[in-house]
Structures are given as C-alpha cells and as structure tokens.
Amino acid sequence: MNIDWSISKKRGNFRPILTYTITLTDFEKSLGIPPVRTTSTIPKPPEVGWTHCWPDQHERTDWKPSEYYQLAAPSHKEKDTLVTLKLPWRESNKYPEVEESLTILRDAFEKALITSMNSTAVNTQGNLKTSASAKGIIAPTFAAERILQSVARNTA
C-alpha cells in the first residue's frame, strides 16, 4: 500500500485542501482484502462545503470540532483511491493530525493484510468409491440381474 498526500491552500481566507491517493500493490489486491475504514483525528470544519472561512466565523472563533473525517483504504476490487477533504482554516497552516490519521489507516490496513495473508491457499481433490458394506448389500441383486441378462441373451 502506498499513500501519497498533500495539503494545498490559496493565500487568504481559503480553507486548505487535503488530497491523498492510496495505491494497492498487485500482491495486496491478490489477497482479496476488504475495504478498511477508520475514524481520523482530522476535524471536519463547519459548513464543510464552503471553500473559505472568514475572520470571526466558524473555526476562526472558539470552535471545538464535533465531527471527524472517516478515512478508507480501498478493497482489492478498486483501482487507486483519490480523496479530497477540506481542512479547517488555521493561521499556522499546520495539520499534524493528517499524517497521524493516515498512519492509523495504514496500520489498520496492514492488520487486514496480515489476516488475509494468513488465510492460506488450498487445492484439495478426492475420490470416493462404493464402500465394502454397500457392495455386500448390493452384490446379490447385481449378480442375479447379470445372470438373468445372460440367460435372456442366450434364449433370444
């Protein structure tokens, strides 16, 4: 699994944008790993649809986060996953919870990876024939039928 991420923000009152891409290796895809979802420590800003946050508004006040983003790693059926999230505006432009949250997601994915990898492959074949006890029960009837078929052929 590879996670590439970046945070970009325009100058001014615009909110930063977190973009991350998750790419699974062919080996990881071959294991049929289910999608993995974690709750991040990345706060979801109020009015998350807005690209801006003006002074004295929302996260630029005494705002306390009440919602956090869910992060997900793709299942084995999906191609690369590209995710874009709006981050709360911060004067410092520092978002340590991004790397922390992506690390949590990676660790959860690795746990699912190990579980999937420990489910070993199997290719079993078998063959069963009529048991001796069943042959003992059907043999007299089978023998009688053969004798009758033989007699019927000889008289015809």
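Residues numbered from 1 in each chain as written. Predicted model: local features only at pLDDT ≥ 70, side-chain atom pairs only at ≥ 80, totals over all residues. Heavy atoms only, no water.

Attention now goes to the pattern of salt bridges. As enumerated under the stated definition, the model contains 4 salt bridges in all. The shortest N-O distance in the salt bridge between E59 and R15 comes to 2.8 Å. Of this pair, E59 sits in the loop between β3 (36-43) and β4 (68-73) while R15 is found in the loop between β1 (2-8) and β2 (17-23), placing the two residues 44 residues apart along the sequence. Just as E59 is buried, R15 falls in that class too. When the shortest N-O distance is used, the salt bridge between E97 and R90 registers 2.6 Å. Salt bridges here are not isolated pairs; linked through shared partners, they connect R106, D107 and E110. (Salt bridge = Lys/Arg side-chain N within 4 Å of Asp/Glu carboxyl O. Helix = DSSP H or I, 4+ residues; strand = E, 2+ residues; numbered from the N terminus. Buried < 20%, exposed > 50% of the residue type's maximum accessible area, 1.4 Å probe, protein only.)

With that out of the way, let us pick up the environment of R37. You can see R37 is positioned in strand β3. A C-alpha to C-alpha distance of 4.3 Å links R37 and A72, two positions 35 residues apart in sequence.

Attention now goes to the environment of A72. Locating A72 in the fold gives a position in strand β4. Residues A72 and I22 lie 50 residues apart in sequence; the distance between their C-alpha atoms is 9.1 Å. Residues contacting A72, with those up to four places away along its chain left out, are Y20, I22, V36, R37 and L105. (Contact = heavy atoms within 4.5 Å.)

Taken as a whole, this structure holds 0 aromatic pairs when the rule is applied. Sitting over the face of the ring of F14, K10 holds its NZ or CZ atom 4.6 Å from the ring centroid. We note R60 situated over the ring of W89; from NZ or CZ to the ring centre the distance is 3.5 Å. (Phe/Tyr/Trp six-rings, centres within 6.5 Å; stacked < 30°, edge-to-face > 60°. Lys NZ or Arg CZ within 6 Å of the ring centre and 35° of its normal.)

This part is about a nonpolar patch on the surface. Nonpolar side chains collect at one region of the surface, where F27, I114 and M117 lie side by side and expose about 300 Å² of accessible area between them. Mapping M117 onto the fold places it in helix α2 (residues 96-117). Exposure remark for M117: the relative accessible area of 42% places this residue in the partly exposed category. (Patch = residues over 30% accessible without salt bridge, like charges linked within 9 Å, V, L, I, M, F, W, Y side chains within 5 Å. Areas by Shrake-Rupley, 256 points an atom, 1.4 Å probe, with all protein chains shown as cover.)

A sheet is described by the order of its strands in space; here 3 strands give the open sequence β1-β2-β5, paired in antiparallel fashion. Where the open sheet ends on each side, the last strands, each with one partner, are β1 and β5 (81-86). Here the average twist between neighbouring strands, direction ignored, is 15°. Sheet topology places β1 next to β2; 7 bridges connect them, and they run antiparallel. Residue pairing in the sheet places D4 in a bridge with T21 of β2. Here α2 sits on the sheet and contacts β1 and β2; the angle it forms with β1, its principal contact strand, is near 160°. (Pairing = 2+ DSSP bridges. Axes fitted to C-alpha atoms, helices over the stretch in contact; angles between N-to-C directions.)

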